[in-house]
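Close look at the chain arrangement
One letter stands for each residue in the lines below.
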Amino acid sequence: IDYIKNECVKGFHRIDSDTYVNEYTFDISTRFITATYMATLNSIEFGGLWLIMPRPGGHHAGRSGWAMGAPTLGFCIFNYAAIAAKTLLDRGFKVLMVDFDAHHGNGTQDIFWIEPRVIHIDIHEWGIYPGTGYVDDIGGGGAEGTKINIPLPHYAGDPEYIWIVENVIQPLIEVFKPNGIVVSAGFDSYVGDRLTTLSATDETYEAIAQIFIDAMKIGGVKTIITILEGGYGEGLKMGLTAYVETLIQIRK
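Residues numbered from 1 in each chain as written. Predicted model: local features only at pLDDT ≥ 70, side-chain atom pairs only at ≥ 80, totals over all residues. Heavy atoms only, no water.

Further remarks concern the overall build of the protein chain. Each helix and strand counted, the protein chain has 7 helices and 8 strands in total. For the protein chain, the C-alpha radius of gyration of 17 Å lies close to 18 Å, the compact-globule estimate for 252 residues. Here the C-alpha coordinates of the protein chain stretch approximately 50 × 40 × 40 Å along the principal axes. A fraction of 72% describes how many contacts in the protein chain between residues 6 or more apart in sequence connect residues 24 or more apart. The distance from the centre of the 18 positive side-chain charges to the centre of the 30 negative ones in the protein chain is 9 Å. (Helix = DSSP H or I, 4+ residues; strand = E, 2+ residues; numbered from the N terminus. Rg over C-alpha atoms; globule rule 2.2 N^0.38 Å. Contact = heavy atoms within 4.5 Å. Lys, Arg positive; Asp, Glu negative; His and termini not counted. Charge placed at Lys NZ, Arg CZ, Asp CG, Glu CD.)

Following this line, the structure appears as structure tokens:
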């Protein structure tokens, strides 16, 4: 935190080959931290659906910045999804984290690597930045089995994602019975995104959102907190819209 604060005093420059800061970065990032924290507190009191849209996202930021051997911070400054999850944990929630950004959430995995109270599912494209997220990365220090990495081959799309929803996420919700879900929602897996080769469409994001709705309707899940991660083209426009429009059906 102090490192980022001190770097921002210097004005615009790159702190690595991907990530830049300027004189406003620290203030803006800490405001997103506050927004995430307050939204999470409100979710504990009132329940429901909460969406925080920081730019850039945060799931590559680990305990000390660079995480799990990644070469850069991958645009990220602070990890907002981790803040939401930690806030829920501190108040006795069982937390399920689902990260469907096309890039592995190495920072989130790093932060909760030895935390057995957090189930972290990460669905990502294999062979792209940050080069982490192996299937056998399952957590450590007593948290073994609570970190689930699902690397997808290039060009995977709706059939693969929907299979994961039906055969991994849904059964896990039924067994683990979380009462809080934190979502790292990245839309760079949308077909045509220039940073990935995945080919998800609206159908994928609708299916993911629907499983969260079903979990809330059953009554066990009190709150769903979504943090916007990647997505830089049509996916951010179409995928995010499909995800949110499906989620808000719960209010009908």
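From this point, the discussion proceeds with the structure in view.
Moving on, we get to a nonpolar patch on the surface. A contiguous nonpolar surface patch, about 280 Å² in accessible area, is contributed by F75, L195 and Y232. Along the chain, L195 turns up in the loop between β7 (180-185) and α6 (202-218). (Patch = residues over 30% accessible without salt bridge, like charges linked within 9 Å, V, L, I, M, F, W, Y side chains within 5 Å. Areas by Shrake-Rupley, 256 points an atom, 1.4 Å probe, with all protein chains shown as cover. Salt bridge = Lys/Arg side-chain N within 4 Å of Asp/Glu carboxyl O.)

Counting 40 residues, the largest nonpolar core has I169, F212 and Y243 as its most contacted members. Those elements that place two or more of their residues in this core are β4 (95-99), β5 (118-125), β6 (147-152), α5 (158-176), β7, α6, β8 (223-228) and α7 (234-247). Every residue in contact with Y243, bar those within four places of it in the chain, is listed here: F100, V183, F187, Y205, I208, A209, F212 and T226. Counting 29 residues, the second largest nonpolar core, distinct from the first, contains Y80, A82, L88 and I225. (Core = buried A, V, L, I, M, F, W, Y, C linked by side-chain atoms within 4.5 Å. Buried < 20%, exposed > 50% of the residue type's maximum accessible area, 1.4 Å probe, protein only.)

Right, let's talk about the environment of D214 for a bit. One can find D214 in helix α6. Each C-alpha atom, one on D214 and one on I123, is 20 Å from the other, the two residues being 91 residues apart in sequence.

Let's shift gears to the sheet that holds β7. A sheet is described by the order of its strands in space; here 6 strands give the open sequence β3-β8-β7-β4-β5-β6, paired in parallel fashion. Edge positions in the sheet fall to β3 (48-52) and β6, since each has one partner strand and no second. Averaged over neighbouring strand pairs, the angle between their axes works out to 10° when direction is ignored. (Pairing = 2+ DSSP bridges. Axes fitted to C-alpha atoms, helices over the stretch in contact; angles between N-to-C directions.)

Quick look at the side chain of H103 now. Relative to the elements of secondary structure, H103 occurs in the loop between β4 and α4 (106-111). Reaching out from H103, the side chain makes a polar contact with the side chain of D188 at a distance of 3.0 Å. Excluding anything up to four places from it in sequence, H103 contacts H59, H60, D122, H124, I128, Y129, P130, D188, L195 and T196. (Polar contact = N/O pair within 3.5 Å; in protein donor to acceptor, adjacent residues only side chain to side chain.)

Before going further, it helps to examine the packing of aromatic side chains. Summed over all chains, the structure comprises 11 aromatic pairs. Consider the rings of F100 and F187, whose centres lie 5.7 Å apart with planes at 80°: the pair is edge-to-face. One end of the pair, F100, is in the loop between β4 and α4; the other, F187, is in the loop between β7 and α6, and 87 residues separate them in sequence. Across the pair, exposure class does not vary: F100 and F187 are buried alike. (Phe/Tyr/Trp six-rings, centres within 6.5 Å; stacked < 30°, edge-to-face > 60°.)

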